[in-house]
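# Structural characterization, general
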Amino acid sequence: MKAALIALLTATTVHSVAAAANPLTRAEKRVCQTLEQCVSIIERHPHDSFDYDLLATEFARYGSRGQAELLRLLDRNPDARANAADLLARSNSPALIAQLSIMASSSDPELGAMTRDTIRAVATHLSGDVRLPPQTLLGLLATAEEQPTLPVLKQLLKFPTRDIQSVLPSQLRSGDPDISELAYRALHAYAPSQALGELRESVNETTNIAHAMALGEMMARLDGQSPNGGYSAVLSKASRDLSLSPAMQIGATYGLLLLTREQAPSPAHPDLTDRLIAIDSVLRTQGRSLSLGRVDATTRRRFATLTGAAQIASDIGVEACTLGQTLDPAARIGRLPFFETGVTLDHRRPSAEFSLPVYSRADRGLLRSALSLAGGWLAGYGDDQEGSLIWYANADNTPTLLSGGHTIAIFPKVAQQMGRLPLNAWAISTLPDGATELLSIDIDKPGAHPVIRRHAVLPGQPVRYGRLPDNSLLISMTGQTPVRLAPDGTVHRGCSVGAIPSRTLAPSLAGGQTGADTQ
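Residues numbered from 1 in each chain as written. Predicted model: local features only at pLDDT ≥ 70, side-chain atom pairs only at ≥ 80, totals over all residues. Heavy atoms only, no water.

### Here we look at the sheet that holds strand β6 (residues 406-412)
Strands sit in the order β6-β7-β8-β9 across an open sheet of four strands; the sheet is antiparallel. Pairing within the sheet leaves two strands with one partner each, and these edge strands are β6 and β9 (451-458). Averaged over all adjacent pairs, the angle separating strand axes in this sheet is 25 degrees, with direction ignored. (Pairing = 2+ DSSP bridges. Helix = DSSP H or I, 4+ residues; strand = E, 2+ residues; numbered from the N terminus. Axes fitted to C-alpha atoms, helices over the stretch in contact; angles between N-to-C directions.)

Below is the structure:
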C-alpha cells in the first residue's frame, strides 16, 4: 500500500513537471474555434461565465470581422449589448471610434449612452500622437458634452477650435481642474472675451463644492503661469462676495490658499487670513449643514487642506498676519502713578482723596490698562461686575470718569515716538450686555480735556492686539475675522486693504461716530 502511494505521488509530480515544461498550444488555449462560436458565447452566456480578457484576444484574432460582429451585437442585440461593449472598450483602434460615433447620438437612449461610455474607454487607450479622422468629431462632442473626461478633451483639442467651441464651456464647468484649465486655455486663445465671460458665469452660478474648488485650483494655476497674473484678484473678490454661493466662496479661498504655495496663511495674500478665519468660524457653527455629502476623494483632499489651514489661521489669530509688533494692553500698568483713592504716590506725598461714582470703582487691583497722554493718564479698570475708564489730569491729579464700561485695553492711535506723548487713543470696553465697544479719545492740545466718542461695536471679544507698519491697530477676536483699525478711524478687514462692508460684520462696524460726544 505504501509503495503504491509513493508510485502515485511520483507519477503525479512527473506529470506536473512535464505539463510545466510543455505549455498549452495556441489551439489549446482557444475558447472558441470559430468567430461564430465566440459570438455565441457573448449572446448566450452571462458576463461572469468567461474571462473577458481572453475573449478579447479571441475576437482580436478575427481582426475587422471580429470588431464588426461586436458592433452588430452592440447595435442590434440589447441582451448582448453590455457584453459586446465590454470587449470593444478594451480596443485602442482609432477606426473603432469613427464607427462608434455613428451610434453615439442614437435615438435609442440605452444604445447612445453605452456607445458614449465605450468611446470614453477607447480614448483612454489612444496614444498622444493619434489624430482621429473627421468623422469622429460628432461622436466625441456628444461624449464630452455628456460627461467630460481628459482623454476625450485632448482628442477634441486636435480639431480646429471653431469646430469644438460649443462644447468648451461645459468642459470648463467639469469639476476637474485639468479639464477646466485645458478648456479655458483653448477658448481664451480663440475667443478671449467669451472665455472670461464663461469664467465669470461659472463663478457666479456654481453651487457645487467639487466644481467650486476645482475652479479655485484652476485659477490659482492660471495666475501662477500667466505673465500678467490677475486671477488672484478674481479669487480675492469671489472669496468675500456674499452674493455668491458659500461653495464658491470656499472654492475661491482654496484657490487663494494654493497661491501661497504652502498650507498656511501668508502676508503675500492679505485677504487669505481673513477668509480662512471666517471659514473656520462657519465650520465651527454650521459644520453639519455644510457637509460634503457624496463627493470624490480629490474634493475631500482639497477640503481637508482648506479646513486644516483655516484652523491654523484661526488658532494663530493676529500672528498670522501681523508684520509689526504684538501689543500688550497691560504693559504700562506699572508706570501709572498711584492716583487711586487712599493709595499714596510715595512715602512722602499722599494722593488726594477723590469721590468717584459708586459704579466706577477705581482700584489698583482692578487696573487692566493704562496710557500716558499729553496732559494726563488714561486708566482702565474692570472686573466681572463693573469697570470704568478714568482720565487723571497731571496738573492737579483730578479724576474724570469718561466711561463706565469694563475697559480691557487702551492703545495710542499711532505708535509712540521717543520723547513725545500722544494726543489720541483707542479704548476697548466690554458693556454690561456683553457687547465690545470701541472708544475714540482725542485731545486738541496738551493740557486740554479729552473728548471721548463711541466709535464702533466690535463683532467679538478681543483676544490679541498688534501694530502694523502703517500704524493700524490689529485686533484678533475669538471665532471672528481680525479687524484692522486705521489711525483715521476707518475699520478694515484683518490684513486686507479694503474697508469692511457693513453687512459682513456687526452693523455698527462701518466706522464713524455712533453716539454723542461724552465729556
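### Things to note about the sheet that holds strand β5 (residues 399-403)
Strands sit in the order β2-β3-β4-β5 across an open sheet of four strands; the sheet is antiparallel. Unpaired on one side and paired on the other, β2 (367-373) and β5 mark the two borders of the sheet. Strand after strand, the sheet turns through a mean of 25 degrees between neighbouring axes, direction not considered. Pairing of β2 with strand β3 (residues 376-382), which is carried by six bridges, proceeds in the antiparallel orientation.

### Some remarks on the state of the cysteines
In protein structure, a disulfide is the covalent linkage between the sulfur atoms of two cysteines. Applying the stated rule across the entire model yields one disulfide. Here cysteine 32 pairs with cysteine 38 through a disulfide, and the sulfurs are 1.8 Å apart. Handedness here is read from the sign of the S-S torsion; for cysteine 32 and cysteine 38, about 75 degrees, the answer is right-handed. (Disulfide = S-S within 2.5 Å.)

### Section: helix α7 (residues 94-103)
Of all the positions in α7, only Leu96, Ile97, Ala98, Leu100, Ser101 and Met103 are classed as buried. The inward-facing, buried residues of α7 contact α5 (63-76), α6 (81-88), α8 (109-125) and α9 (137-146). (Buried < 20%, exposed > 50% of the residue type's maximum accessible area, 1.4 Å probe, protein only. Contact = heavy atoms within 4.5 Å.)

### What about the packing of aromatic side chains?
Enumeration over the complete set of coordinates arrives at two aromatic pairs. Each ring, one from tyrosine 184 and one from tyrosine 231, has its centre 6.1 Å from the other, and the planes form 80 degrees; the classification is edge-to-face. On the criterion of sequence distance, the pair formed by tyrosine 184 in helix α13 (residues 177-190) and tyrosine 231 in helix α16 (residues 231-239) is long-range, its members being 47 residues apart. Like tyrosine 184, the residue tyrosine 231 is buried in the burial classification. Here the aromatic rings of phenylalanine 411 and tyrosine 465 are separated by 4.9 Å at their centres, their planes lie at 55 degrees, and the arrangement is tilted. With phenylalanine 411 in strand β6 and tyrosine 465 in strand β10 (residues 462-467), this pair connects stretches of sequence that are 54 residues apart. Take phenylalanine 411 and tyrosine 465: they sit in the same class, and that class is buried. Its guanidinium or amino end placed over the ring of tryptophan 426, lysine 413 lies 4.3 Å from that ring's centre, counting from NZ or CZ. (Phe/Tyr/Trp six-rings, centres within 6.5 Å; stacked < 30°, edge-to-face > 60°. Lys NZ or Arg CZ within 6 Å of the ring centre and 35° of its normal.)

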